[in-house]
Amino acid sequence: MTKISKASEAETIQSGRRDFFRKSAAFSVSAMAAASVMAPVKIDAKEHKELKGDPAILEEKPWGTTFGYPVTHNLYGQPSPYEHNVTRRNTKLLSSGNWYASIAMCPIQDMQGVITPNGLFFSRCHGGTAEIDPNEHRLMIHGLVEKTLVLTMDELKRYPSVSRIHFIECPANGGPEWRNPQFPSIQFAKGMMSCAEWTGVYIKDILKDLGLKPNARWMLAEGADNSHMGRTVPIDKVLDDAMIVWGQNGEALRPEQGYPIRLLVPGWEGNLCVKWLCRLEFASEPYYAKEETAKYTALKKSGKAIQHFYANEVNSVITTPCPEKPWTDLKKGDIVEIEGLAWSGMGTIEGVDISFDGGKNWVEASLKGLVLPKAWTRFSYIYKYEGKPLLLSSRARDNAGHIQPTVKHEREVMGVESVYHRNGIHTWEVTAKGEVNNVQVLS
Ligand SMILES: Nc1nc2c(c(=O)[nH]1)N[C@H]1C(S)=C(S)[C@@H](COP(=O)(O)O)O[C@H]1N2
Ligand SMILES: [Mo]
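The following refers to the structure shown. What you are looking at is a predicted structure, and each value in this text was computed from that prediction instead of being measured.

**Quick notes on the overall build of the protein chain**
Consideration 1: The helix and strand inventory of the protein chain stands at ten helices and 24 strands.
Consideration 2: Out of the 443 residues belonging to the protein chain, those deemed buried represent 53%.
Consideration 3: When contacts within the protein chain are restricted to residue pairs at least 6 apart in sequence, those whose partners lie at least 24 apart make up 74%.
Consideration 4: Summed over its atoms, the accessible surface of the protein chain is roughly 20700 Å², and 54% of this surface lies on carbon and sulfur atoms.

**Some points on the environment of L207**
Consideration 1: Locating L207 in the fold gives a position in helix α8 (residues 203–210).
Consideration 2: Classification of L207 by relative accessible area gives buried; the value is 7%.
Consideration 3: Separated by 61 residues in the primary sequence, L207 and E146 place their C-alpha atoms 9.5 Å from one another.
Consideration 4: Those residues in contact with L207, other than ones at most four positions away along the chain, are V145, L212, V238, L239 and F282.

**Considerations on the sheet that holds strand β5 (residues 149–152)**
Consideration 1: Overall, mixed pairing links the five strands, which are arranged β5-β4-β13-β8-β9 in an open sheet. Only two strands of the sheet have a single neighbouring strand rather than two, namely β5 and β9 (230–234). Neighbour-to-neighbour, the strand axes of the sheet open up by a mean angle of 15°, direction not taken into account.
Consideration 2: In terms of strand pairing, strand β4 (residues 138–143) meets strand β13 (residues 277–283) through four bridges, oriented parallel. If you follow H142 over to β13, its bridge partner there is E281.

**Some points on the environment of V162**
Consideration 1: Topologically, V162 is positioned in strand β6 (residues 162–169).
Consideration 2: For the pair V162 and G200, spaced 38 residues apart in the sequence, the C-alpha separation amounts to 5.7 Å.
Consideration 3: The residues contacting V162, other than those within four sequence positions of it, are W198, T199, G200, Y202 and M243.

**Here we look at the packing of aromatic side chains**
The description of an aromatic ring pair rests on the distance of the ring centres and on the angle between the ring planes.
Consideration 1: Within the structure shown, the criterion is met by nine aromatic pairs.
Consideration 2: An angle of 80° between the planes, with centres 5.4 Å apart, marks the rings of F121 and W198 as edge-to-face. Of this pair, F121 sits in the loop between β2 (102–104) and β3 (123–125) while W198 sits in strand β7 (residues 193–202), placing them 77 residues apart in sequence.
Consideration 3: Seen from their ring centres, Y296 and Y420 are 5.0 Å apart, and the 25° between their planes marks the pair as stacked. Of this pair, Y296 sits in the loop between β13 and β14 (298–299) while Y420 sits in the loop between α10 (407–414) and β23 (426–430); the two residues are 124 residues apart in sequence, bridging distant segments of the chain.

**Examining the sheet that holds strand β16 (residues 315–320)**
Consideration 1: With antiparallel pairing, four strands are arranged side by side in an open sheet as β16-β17-β21-β20. The open sheet terminates on both sides in strands that have one partner only, identified here as β16 and β20 (366–368). Each strand axis lies, on average, 35° off the axis of its neighbour in the sheet, ignoring direction.
Consideration 2: Bridge count between β16 and strand β17 (residues 335–343): five bridges; the pairing is antiparallel.

**Here's the deal with the side chain of N312**
Consideration 1: Here N312 shows up in the loop between β15 (305–306) and β16.
Consideration 2: According to the relative accessible area criterion, N312 is buried, its value standing at 2%.
Consideration 3: The contacts of N312, once residues within four sequence positions are left out, are F167, E169, P171, G267, W268, E269, G270, S344, G345, M346 and H421.

**Considerations on α8**
Consideration 1: For α8, the full list of buried residues reads I203, I206, L207 and L210. An end-on view of α8 places all buried positions within 100° of arc, on one side of the element.

**So, empty space enclosed by the protein**
Consideration 1: Evaluated as defined, the whole model comprises five cavities of 30 Å³ or more.
Consideration 2: What the largest cavity holds in volume is close to 220 Å³.
Consideration 3: R124, R262, G270, C273 and K275 are, among the 21 residues lining the largest cavity, the residues nearest its centre.
Consideration 4: The element best represented in the lining of the largest cavity is β3, accounting for three residues.

**Side note on the site of ligand 1**
Consideration 1: Taken together, the neighbourhood of ligand 1 is formed by 21 residues, with F122, H126, D225, R262 and K275 sitting nearest.
Consideration 2: At 2.8 Å from an oxygen atom of ligand 1 is found a side-chain nitrogen or oxygen belonging to R262.
Consideration 3: Take C273: an N or O atom from its main chain is 3.1 Å from a nitrogen atom of ligand 1.

**A word on the pattern of salt bridges**
Consideration 1: Tallying each qualifying case throughout the model produces 21 salt bridges.
Consideration 2: Between K408 and E412 there is a salt bridge whose closest N-O contact spans 3.6 Å. Of this pair, K408 and E412 both sit in helix α10, separated by four residues, roughly a single helical turn.
Consideration 3: A relative accessible area of 40% means that K408 is categorised as partly exposed.
Consideration 4: When salt bridges with common partners are traced through the structure, they connect E337, E339, K368 and R378 into a single cluster.

**Observations concerning the pairing of strand β21 (residues 377–384)**
Consideration 1: Summarising the sheet, β17 and β21 pair through eight bridges and their orientation is antiparallel. Note on β21: the bridge partner recorded for E339 is S380.
Consideration 2: With three bridges joining them, β20 and β21 adopt antiparallel strand pairing. Bridging across to β21, L367 finds its partner in F379.

**A word on the side chain of Q109**
Consideration 1: Here Q109 is to be found in the loop between β2 and β3.
Consideration 2: Taking the relative accessible area as the measure of exposure, Q109 reaches 2% and is therefore buried.
Consideration 3: Within the local environment of Q109, its side chain forms a polar contact with the side chain of Q187, the two groups lying 3.1 Å apart.

**Looking at α10**
Consideration 1: The complete set of buried residues in α10 reads V407, E410 and M414. Here the buried residues of α10 occupy an arc of 60° about the axis, which is enough to place them on one side.
Consideration 2: Packing partners of the buried residues in α10 comprise β14, β15 and β24 (436–441).

About the cut-offs
Residues numbered from 1 in each chain as written. Chains lettered and ligands numbered in written order. Predicted model: local features only at pLDDT ≥ 70, side-chain atom pairs only at ≥ 80, totals over all residues. Heavy atoms only, no water. Helix = DSSP H or I, 4+ residues; strand = E, 2+ residues; numbered from the N terminus. Buried < 20%, exposed > 50% of the residue type's maximum accessible area, 1.4 Å probe, protein only. Contact = heavy atoms within 4.5 Å. Areas by Shrake-Rupley, 256 points an atom, 1.4 Å probe, with all protein chains shown as cover. Pairing = 2+ DSSP bridges. Axes fitted to C-alpha atoms, helices over the stretch in contact; angles between N-to-C directions. Phe/Tyr/Trp six-rings, centres within 6.5 Å; stacked < 30°, edge-to-face > 60°. Arc of directions from axis to C-beta. 1 Å grid on protein atoms, 1.4 Å probe; cavity = no way out; pocket = protein on both sides within 12 Å on 5 of 7 lines; lining within 4 Å. Points joined across faces, edges and corners; volume = space filled by probe spheres on them. Near = heavy atom within 4 Å. Polar contact = N/O pair within 3.5 Å; in protein donor to acceptor, adjacent residues only side chain to side chain. Salt bridge = Lys/Arg side-chain N within 4 Å of Asp/Glu carboxyl O.

Just distances and angles here, no functional claims.
Set out below in structure tokens:
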């Protein structure tokens, strides 16, 4: 028999979960539409009959008979008020008492495609969100370089820019669940990540101007915020794809993401992506700053800790269904689209497998939309709902040859002390009624 452990319902999640449940009523219709594109689905004549007499199609609505609001009204646009439930969310469990050292989780269950809108991008701050005047902000580049440089923001933006789509994931994503699933919610279980198109300059391009001294092996990045976050990055990664970015999905970085500039270390721990970046110092040794000694090191079962822990491993999660979007409205025989997100900090997603029985048997999902290195990748599987209980899991593979481990294997190697770098196969239990619970398959 498959051994599973379930989420503790004792954890209180902020209000809103019920409203999400209500929103899911529209799901079966949209899933039918999606299914009819991908696989021919016979639509029951009954479905059409139900539309007869529906006031939503027969009656004129106020928005069709009066003017809407003028174009001068919303000079910076906001989502429809009917989307008010789609927000970042916090929990006391992951915060200091005053919410300054805290984290706002991304509603990944409501994301479309692979780009996170800027207002919903997860936000992790160790000393509050700094509001920086860009005219007062400078970037200093010094240490083991031939030429020291202090740049204004305008000067920095004169470098030729590139735009790249990458996720940022806190290595503590899913961390509270090493021992047991904690959250009856995808947003809290997996929402310490987001994905955006970033615009900025490769550090290797700036270094062409400055000249790196031969003994420069490490780069310290420091933030100007109250936490003065400091992390050291090995030089190979700096010269590969590390960027200083000022653009986020077509506009300036949001304050929550480090306005006016942040470091982007694609695919590696979110913690390395120092926000409100003010200083880069090149050195021959790592700096062993607080965030790479006391924090962001992973204690293993052996009693030894991994100190230089960088790339986020291949990972995935099913976003439909999930606790916020159960299948309670489905009838036996309905065709549904199982969807989810896969990502790897080591390369490009090559494939995703789905299991309905907690990992005994697997079928291959299809990847849809953009499939890019170190970026969220969306997967999809069209499935006939039989109204039977399921243990629904996803398992991603990347082009660097990695595959997600079972939770059992992950625990054998790492133990349960660490809160970082969990990428064990995630499972939802779907009950016969279509309710979705967060569980772990332990065998
Ligand atoms: N200066 C500074 N940079 C920072 C942090 C911070 O508190 N201060 N938090 C780090 C952590 S722990 C993570 S996971 C990422 C989160 O990026 P985001 O808030 O844009 O999602 O930023 C990192 N950069
Ligand atoms: Mo983090």
